[in-house]
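Here's the letter readout for the chains.
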Amino acid sequence: MAKEKVKHMTGVFASVFAHAGHISKEDAKEISGLDDTSFEKVYSKASNIAEKLMKTEGKKADKFLEHFGEEIDEWMKEFGAKFFA
């Protein structure tokens, strides 16, 4: 289960770069290691992050980390406080 969560987070991260035109969608899928259906879900989440970033003024890297962090928080809930234990 944890391995799949990491794949999803990696998929979102790579897909933001695909949406920005820095890598291809196929490259992002390869990086994620996800199947087609799972990848399309994370690609869609990345689309939302990329859209928010395009509307952002100022330090886009800070906003990227903020929005990506929200996704990570969602996936990490099941680990709770024991994540770093």
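These remarks concern the structure in this document.

So, how was this worked out
Residues numbered from 1 in each chain as written. Predicted model: local features only at pLDDT ≥ 70, side-chain atom pairs only at ≥ 80, totals over all residues. Heavy atoms only, no water. Helix = DSSP H or I, 4+ residues; strand = E, 2+ residues; numbered from the N terminus. Contact = heavy atoms within 4.5 Å. 1 Å grid on protein atoms, 1.4 Å probe; cavity = no way out; pocket = protein on both sides within 12 Å on 5 of 7 lines; lining within 4 Å. Points joined across faces, edges and corners; volume = space filled by probe spheres on them. Nonpolar A, V, L, I, M, F, W, Y, C, P; charged D, E, K, R; others polar. Axes fitted to C-alpha atoms, helices over the stretch in contact; angles between N-to-C directions. Parallel < 35°, antiparallel > 145°, perpendicular 65-115°, else oblique. Left-handed = near helix turned anticlockwise from the far one by under 90°. Phe/Tyr/Trp six-rings, centres within 6.5 Å; stacked < 30°, edge-to-face > 60°. Buried < 20%, exposed > 50% of the residue type's maximum accessible area, 1.4 Å probe, protein only.

**Some remarks on the environment of Glu71**
Line of reasoning, step 1. For Glu71, the location among the structural elements is in helix α4 (residues 60-76).
Line of reasoning, step 2. For the pair Glu71 and Ser15, spaced 56 residues apart in the sequence, the C-alpha separation amounts to 13 Å.
Line of reasoning, step 3. Excluding anything up to four places from it in sequence, Glu71 contacts Lys45 and Ile49.

**What about the layout of surface pockets?**
Line of reasoning, step 1. Here the largest pocket is characterised by a volume of approximately 180 Å³.
Line of reasoning, step 2. Elements supplying a minimum of two residues to the lining of the largest pocket: α1 (2-19), α3 (36-55) and α4.
Line of reasoning, step 3. Considering only residue class, the lining of the largest pocket consists of 7 nonpolar, 2 polar and 1 charged.

**So, the packing of helix α2 (residues 25-32) against α3**
Line of reasoning, step 1. It is the contact of α2 with α3, at a shortest axis distance of 10 Å, that shows an interaxial angle of 115 degrees. Relative to α3, the element α2 lies roughly perpendicular. Handedness of the crossing formed by α2 with α3: right-handed. Contacts from Lys25, Ala28, Lys29 and Ser32 of α2 reach α3 at Asp36, Phe39, Glu40 and Tyr43.
Line of reasoning, step 2. Of the residues that constitute the contact of α2 with α3, the class distribution is 3 nonpolar, 1 polar and 4 charged.

**Notes on the packing of aromatic side chains**
Line of reasoning, step 1. As enumerated under the stated definition, the model contains 4 aromatic pairs in all.
Line of reasoning, step 2. For the pair Phe13 and Phe17, a centre-to-centre distance of 5.3 Å together with 55 degrees between the ring planes defines the contact as tilted. Linking Phe13 with Phe17, this pair stays in helix α1, spanning 4 residues, or about one helical turn.
Line of reasoning, step 3. You can call Phe13 partly exposed: its relative accessible area is 36%.
Line of reasoning, step 4. Among the residues examined, Phe17 registers a relative accessible area of 34% and is labelled partly exposed.
Line of reasoning, step 5. For the ring pair Phe13 and Phe64, a centre distance of 5.5 Å and an interplane angle of 55 degrees mean the geometry is tilted. With a gap of 51 residues between them, Phe13 in helix α1 and Phe64 in helix α4 connect regions that are remote in the sequence.
Line of reasoning, step 6. Under the relative-accessibility criterion, Phe64 is labelled buried at 12%.

Function cannot be inferred from these measures alone, as they are strictly geometric.
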